[in-house]
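Report on the structure
Spelled out, the chains give:
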Amino acid sequence: MSSVKPRRHGRHGGLPVLLVGALTLALSLTGGPANAAQQATLHELAAAQGKYFGSATDNPELTDAAYADILGSEFGQITPGNSMKWDTTEPVQGQFNFAKGDVITGFAAQHDQTVRGHTLVWHSQLPSWVGALPSTQVEAAMTRHITEEATHYRGAVTAWDVVNEPFNEDGTYRTSPFYNAMGTDYIATALRAAHAADPDAKLYLNDYNIEGLGAKSDAMYALVSELLDEGVPLDGVGMQAHLAVQYGFPYQMQANMQRFADLGLDVAVTELDVRMQLPADAAKTATQSSYYQQVTEACLAVERCVGITVWDYTDKYSWVPSTFPGQGAANLYDENLSPKPAHSAVRTALGGQDGGGGEGGEPGALKAQYRNSDSSVGDNQIKPGLQLVNTGTTPVSLSDVTVRYWFTAGNGAATYNSWCDWSPIGCSTVTHRVVAADTPEAGADHYLEVGFTGGTLAPGATTGEIQLRLNKTDWSLFDESDDYSYGSGTSYADASRIAVYVGGEPVWGIEP
Ligand code: 9MR
């Protein structure tokens, strides 16, 4: 099994998750800031269980700084969505170009991430010259391609999808220039060439719709059994896991993973996403969360499942809408890079929400929504509108909940007044105070902390809006334009830069 090394990043380095959780609890009980340092990432949670949690990415996306920031911090493994494919790396026979793939491996090195190489031999995104070759020349061309690419990325790529999508839906072999020229032998030939070029890389066969028991996964099972019997170098099976809420969850995914594991192979979930017919609604979103959760649980339950890669982490860069018109919303983060309920479902499955040990049991799933109720960024008041939504399946006791809205103080008095002007739950149940951050960050040297004296939020319920306001006691001016939690939207939307804690555990938002 590939080992997962805990990464060092952010401000807590490789602190064990349990300690991280305990710190969060202790700091929030003493009123200190629970900053980003205490929130374990998806990868850290997975790594604590011996797995990785990764994402696909693509070169154009890396120029999006906010996107790259999350990619580099939340995920411990990346897969290039396109830049190691044949049409990019050898568009003309014998002319190799690894520049784009090198950008991906460079990003990974900078962020202490591993890379799954994707993919050496595939019928798609294949330059036309390969299909035009006389069949007697295909094997040599394939071997050369594999040799050049796997040699180039030796040391930078930990696993290769050597052959991608070899099967049709019914389990018959897909025709391709490789199959047409060599029959099924092309697969063993490709694996041997990859092993010769990079003996340290884990070598995979990768396909979609092989996540559950069925004809296609049976075909993969028969193929890998035969390859292992013949002593062909093969380390694992990649299950892409492009799921859709309208097609149901794969039949017995865990048992299917386990049968491959029992052959002595690693298993990886390589391209997870869960699309739906748009528009999204609460029921589809709940089904999606449950699918993400079930995939995570299946991987955790199978020791040889080495990790999970999502096929990009945000709806902003999903392949789905262009391929399946009318479908989308398939990823863990929305188009504004805010985590969706599926993100907390994965965190929960990875043990994230009760990692602190606390009182035991789950603290509950909440999200924060925000609107800007202030027409001026430069006046003497800050007016966040806030509401909380219970996205989980259990009631949440509001007296356990705190919320943080970060801002910068600017010049003037260091003392504050804060107000709740109106809320359908009654302002008398809402507590609020301004706290100076122990570790000030850009845009976030203070935060408004909101709490509740009591009340319960049922699953699916919302507090309704809480109209908040704060000022300095000398009524000096703020500059809200660079405030961490500030947003210009005037209707309620999910707010990832407002953090929510239940019993001191972070359950929503990205801290500064
Ligand atoms: O994410 C990739 C997308 O940008 C490309 O347009 C598409 C073209 O085939 O390939 C996508 O990635 C595919 C992956 O390489 C293999 N499994 C299915 C993925 C989604 O199509």
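Residues numbered from 1 in each chain as written. Predicted model: local features only at pLDDT ≥ 70, side-chain atom pairs only at ≥ 80, totals over all residues. Heavy atoms only, no water.

1. Considering the overall build of the protein
- On a plain count of helices and strands, the protein comes out with 14 helices and 22 strands.
- For a compact globule of 512 residues, the expected C-alpha radius of gyration is about 24 Å, and the protein comes in at 25 Å, within 12% of that figure.
- The principal-axis extent of the C-alpha atoms belonging to the protein is close to 85 × 40 × 40 Å.
- For the protein, the accessible area works out to roughly 19500 Å², and carbon and sulfur atoms hold 51% of it.
- The centroid of the 29 positive side-chain charges in the protein is displaced by 1 Å from the centroid of its 58 negative side-chain charges. (Helix = DSSP H or I, 4+ residues; strand = E, 2+ residues; numbered from the N terminus. Rg over C-alpha atoms; globule rule 2.2 N^0.38 Å. Areas by Shrake-Rupley, 256 points an atom, 1.4 Å probe, with all protein chains shown as cover. Lys, Arg positive; Asp, Glu negative; His and termini not counted. Charge placed at Lys NZ, Arg CZ, Asp CG, Glu CD.)

2. Some details on the sheet that holds strand β21 (residues 498–502)
- Read across the sheet, 5 strands follow the order β16-β17-β14-β21-β22 without closing on themselves; strand pairing throughout is antiparallel. Sheet topology places β16 (430–441) and β22 (505–508) at the edges, where each strand pairs with a single neighbour. Direction aside, neighbouring strands of the sheet carry axes that sit 30 degrees apart on average.
- Sheet analysis places β16 next to strand β17 (residues 444–452), joined by 8 bridges and oriented antiparallel. The residue of β17 that forms the bridge with Glu441 is Ala444. (Pairing = 2+ DSSP bridges. Axes fitted to C-alpha atoms, helices over the stretch in contact; angles between N-to-C directions.)

3. Considering helix α5 (residues 99–110)
- With 12 residues, α5 extends 17 Å from end C-alpha to end C-alpha; this agrees with the ideal 16 Å at 1.5 Å per step.
- Every buried residue of α5 is accounted for by Gly101, Ile104, Thr105, Phe107 and Ala108. Down the axis of α5, the sector holding all buried residues measures 155 degrees, keeping them to one side. Those residues of α5 that are exposed and angled more than 90 degrees off the buried face are Ala109 and Gln110.
- Residues of α5 that are buried sit in contact with β1 (52–57), α3 (65–74), β2 (77–80) and β3 (114–121).
- Asp112 sits one or two positions beyond α5 and adopts a positive phi of about 60 degrees. (Expected span 1.5 Å × (residues − 1). Buried < 20%, exposed > 50% of the residue type's maximum accessible area, 1.4 Å probe, protein only. Arc of directions from axis to C-beta. Contact = heavy atoms within 4.5 Å.)

4. Observations concerning the packing of helix α10 (residues 215–229) against helix α11 (residues 253–261)
- Look at α10 against α11: their axes get within 11 Å of each other, and the N-to-C directions meet at 10 degrees. As judged from the angle between their axes, α10 and α11 are roughly parallel. Side by side, α10 and α11 meet where Ser217, Asp218, Met220, Tyr221 and Val224 of the first sit next to Asn256, Arg259 and Phe260 of the second.
- Classifying every residue of the contact of α10 with α11 by side-chain character gives 4 nonpolar, 2 polar and 2 charged. (Parallel < 35°, antiparallel > 145°, perpendicular 65-115°, else oblique. Nonpolar A, V, L, I, M, F, W, Y, C, P; charged D, E, K, R; others polar.)

5. Description of the environment of Leu477
- Note on placement: Leu477 falls in the loop between β19 (466–472) and β20 (493–494).
- By relative accessible area, Leu477 is classed as exposed at 54%.
- Sequence separation between Leu477 and Ile382 is 95 residues; the distance between their C-alpha atoms is 9.7 Å.
- Ignoring anything within four residues of it in the chain, the contact list for Leu477 reads Gly378, Asp379, Asn380, Ala409, Asn411 and Lys472.

6. Comments concerning the nonpolar core
- With 88 residues, the main nonpolar core has Phe53, Trp160, Phe178, Leu205, Met257 and Leu272 as its most contacted residues.
- For Phe53, the residues in contact, after removing those within four places along its chain, are Leu42, His43, Ala46, Phe75, Gly76, Gln77, Ile308, Val310, Leu332, Val346 and Leu350. (Core = buried A, V, L, I, M, F, W, Y, C linked by side-chain atoms within 4.5 Å.)

7. A look at the pairing of β19
- The buried count for β19 comes to 6 of 7 residues, which makes it a mostly enclosed element.
- Relative to β19, strand β12 (residues 384–390) is paired through 2 bridges, and the arrangement is antiparallel. Opposite Gly385, over in β19, you have Gln467 as the bridge partner.
- With 6 bridges joining them, strand β15 (residues 416–422) and β19 adopt antiparallel strand pairing. Residue pairing across strands places Tyr416 opposite Lys472, the latter belonging to β19.

8. Points about the side chain of Lys51
- Secondary-structure assignment places Lys51 in the loop between α2 (42–47) and β1.
- Within the buried set, Lys51 has no salt-bridge partner at all; the shortest N-O distance to an opposite charge, 7.3 Å, is to Glu303.
- At a separation of 2.8 Å, a polar atom in the side chain of Lys51 contacts the main-chain carbonyl oxygen of Cys305. (Salt bridge = Lys/Arg side-chain N within 4 Å of Asp/Glu carboxyl O. Polar contact = N/O pair within 3.5 Å; in protein donor to acceptor, adjacent residues only side chain to side chain.)

9. Some words on the layout of surface pockets
- By volume, the second largest pocket amounts to about 790 Å³.
- Ala286, Ser289, Pro341, Thr391 and Gly392 are the residues nearest the centre of the second largest pocket, which is lined by 32 residues in total.
- Where the lining of the second largest pocket is concerned, the elements lending two or more residues are α12 (282–301), α14 (341–349) and β12.
- Of all the elements, α12 adds the most residues to the lining of the second largest pocket, at 8 residues.
- Its residues placed into classes, the lining of the second largest pocket shows 11 nonpolar, 15 polar and 6 charged. (1 Å grid on protein atoms, 1.4 Å probe; cavity = no way out; pocket = protein on both sides within 12 Å on 5 of 7 lines; lining within 4 Å. Points joined across faces, edges and corners; volume = space filled by probe spheres on them.)

10. Let's talk about the packing of aromatic side chains
- For the structure shown, the criterion picks out 21 aromatic pairs.
- For the ring pair Tyr173 and Tyr179, a centre distance of 5.9 Å and an interplane angle of 10 degrees mean the geometry is stacked.
- On the basis of relative accessibility, which here comes to 26%, the residue Tyr179 falls in the partly exposed class.
- Clustering of aromatic rings is evident, with ring pairs tying together Phe53, Tyr67, Phe75, Tyr313, Tyr317 and Tyr333.
- The positively charged end of Lys216 is found above the aromatic ring belonging to Tyr208, 3.7 Å away from the centroid. (Phe/Tyr/Trp six-rings, centres within 6.5 Å; stacked < 30°, edge-to-face > 60°. Lys NZ or Arg CZ within 6 Å of the ring centre and 35° of its normal.)

11. Details of the state of the cysteines
- Tallied over the entire structure, the rule returns 2 disulfides.
- Disulfide partner of Cys420: Cys427, at an S-S distance of 1.9 Å. Sign of the S-S torsion, about -65 degrees for the bond between Cys420 and Cys427, identifies this disulfide as left-handed.
- For the protein, the disulfide bridges join cysteines in the arrangement 1-2, 3-4, where the cysteines are counted in sequence order. (Disulfide = S-S within 2.5 Å.)

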